[in-house]
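Structure at a glance
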Amino acid sequence: MNKEKEQELNRLNSEFSNKIKSPLLLTCKNIVPGTGKADADIMIIGEAPGQKEDELGEPFVGAAGKFLDQMLEAINLKRDDIYITNIVKCRPPDNRDPLPEEKEEFWPWLMAQIKLIEPKLIVTLGRHSLSSFVPKPIMSKVHGTILRKNIPALGKIRIYALYHPAAALYHGGMREILIKDFKKIPKIIKLIDQGEI
Ligand code: URA
């Protein structure tokens, strides 16, 4: 654990929590900045907090989060080994999809988090998360693949596109695909370390 980076990330999250301007602040109970390791190799990015996350101020603590925990456990990882956040850090009313302008409002915060954490791999969960990096993705085509993007604020990043656990939870086929894609993460990290991807 890198103490300095941890402090810096806490500072960054409270700075953005104080300065963020979004109409979602009027309806959400808590801002959900993210949790985990400040120097994580893997950063998981969901869409937006749901009801439970809004109540507790932590990402992925509801049903989708339990499923995520099971998939992490299957590859011998704990939440503390990675960083988990969302594109939008306040719950949209009634869990509706985040609006483009809401994604834009929270984008500089996410960019600052990625820049500080410097993950080897960004794992996007669902189309809303991925589409913030890649225009109009077709999930059935890109899931389980690594997309390399050059983001002006960040330079080159590697994105691993996955289905969203909330969507996969109740769809047998999608669930199996997500579990299978998720299990490839350790191999991908190994290939990155070996300079092969
Ligand atoms: N779904 C998300 O995209 N993010 C959460 O934090 C919880 C559910």
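Predicted model, so just to flag it, every value in this text is computed and none were measured.

Some details on the UniProt feature "domain: Uracil-DNA glycosylase-like" (unreviewed entry) in the protein
Under the UniProt annotation, the feature "domain: Uracil-DNA glycosylase-like" (unreviewed entry) is placed at residues 33-183. With 40% helix and 20% strand, residues 33-183 has its two end C-alpha atoms placed 26 Å apart.

Let's talk about the nonpolar core
One recurring pattern in soluble globular proteins: nonpolar side chains tend to sit buried together. The biggest cluster of nonpolar side chains holds 58 residues, and the ones touching the most others in it are Ile-44, Leu-68, Val-123, Phe-133, Phe-182 and Ile-185. Per element, the largest residue contribution to this core is eight residues, and it comes from helix 4 (residues 100-117). Beyond its immediate chain neighbours, meaning those up to four positions away, Ile-185 contacts Ile-42, Ile-75, Leu-121, Val-123 and Tyr-160.

A few points about the packing of helix 3 (residues 63-74) against helix 8 (residues 172-183)
Packing of helix 3 against helix 8 leaves a shortest axis separation of 9 Å and a crossing angle of 40°. Classified by the angle their axes make, helix 3 and helix 8 are oblique. Crossing of helix 3 over helix 8 shows right-handed handedness. For the pair helix 3 and helix 8, contact is made by Phe-67, Leu-68, Gln-70, Met-71, Leu-72 and Ala-74 and by Arg-175, Leu-178, Ile-179, Phe-182 and Lys-183, respectively. Of the residues assigned to the contact of helix 3 with helix 8, the class counts are eight nonpolar, one polar and two charged.

What to know about helix 8
In this model helix 8 runs 17 Å from its N-terminal to its C-terminal C-alpha over 12 residues, within 8% of the 16 Å that 1.5 Å per residue would give. Against strand 2 (42-46), helix 3, strand 6 (155-162), helix 7 (165-168) and helix 9 (185-193) lie the buried residues of helix 8.

What to know about the packing of aromatic side chains
Taken as a whole, this structure holds three aromatic pairs when the rule is applied. Between the aromatic rings of Phe-16 and Trp-109, the centroid separation amounts to 5.7 Å while the plane-to-plane angle is 10°, which identifies the pairing as stacked. A residue pair is termed long-range when its members are at least 10 positions apart, and Phe-16 in helix 1 (residues 3-19) and Trp-109 in helix 4 qualify at 93 residues. The burial state of Phe-16 is the same as that of Trp-109; both residues are buried. Ring geometry for Phe-106 and Trp-109: centres 6.3 Å apart, planes at 25°, overall stacked. Linking Phe-106 with Trp-109, this pair stays in helix 4, spanning three residues, or about one helical turn. A relative accessible area of 0% means that Phe-106 is categorised as buried. On the accessibility criterion, Trp-109 (0% relative accessible area) is buried. A network of ring pairs unites the aromatic residues Phe-16, Phe-106 and Trp-109 as a single cluster.

A look at the side chain of His-164
Structurally, His-164 can be placed in the loop between strand 6 and helix 7. Given the relative accessible area of 12%, His-164 is considered buried. Excluding residues within four positions of it along the chain, His-164 makes contact with Glu-47, Phe-60, Ala-64, Leu-125, Gly-126 and Leu-178.

Criteria and cut-off values
- Residues numbered from 1 in each chain as written.
- Predicted model: local features only at pLDDT ≥ 70, side-chain atom pairs only at ≥ 80, totals over all residues.
- Heavy atoms only, no water.
- UniProt positions renumbered as here; feature names shortened; annotations may be inferred.
- Helix = DSSP H or I, 4+ residues; strand = E, 2+ residues; numbered from the N terminus.
- Core = buried A, V, L, I, M, F, W, Y, C linked by side-chain atoms within 4.5 Å.
- Buried < 20%, exposed > 50% of the residue type's maximum accessible area, 1.4 Å probe, protein only.
- Contact = heavy atoms within 4.5 Å.
- Axes fitted to C-alpha atoms, helices over the stretch in contact; angles between N-to-C directions.
- Parallel < 35°, antiparallel > 145°, perpendicular 65-115°, else oblique.
- Left-handed = near helix turned anticlockwise from the far one by under 90°.
- Nonpolar A, V, L, I, M, F, W, Y, C, P; charged D, E, K, R; others polar.
- Expected span 1.5 Å × (residues − 1).
- Phe/Tyr/Trp six-rings, centres within 6.5 Å; stacked < 30°, edge-to-face > 60°.

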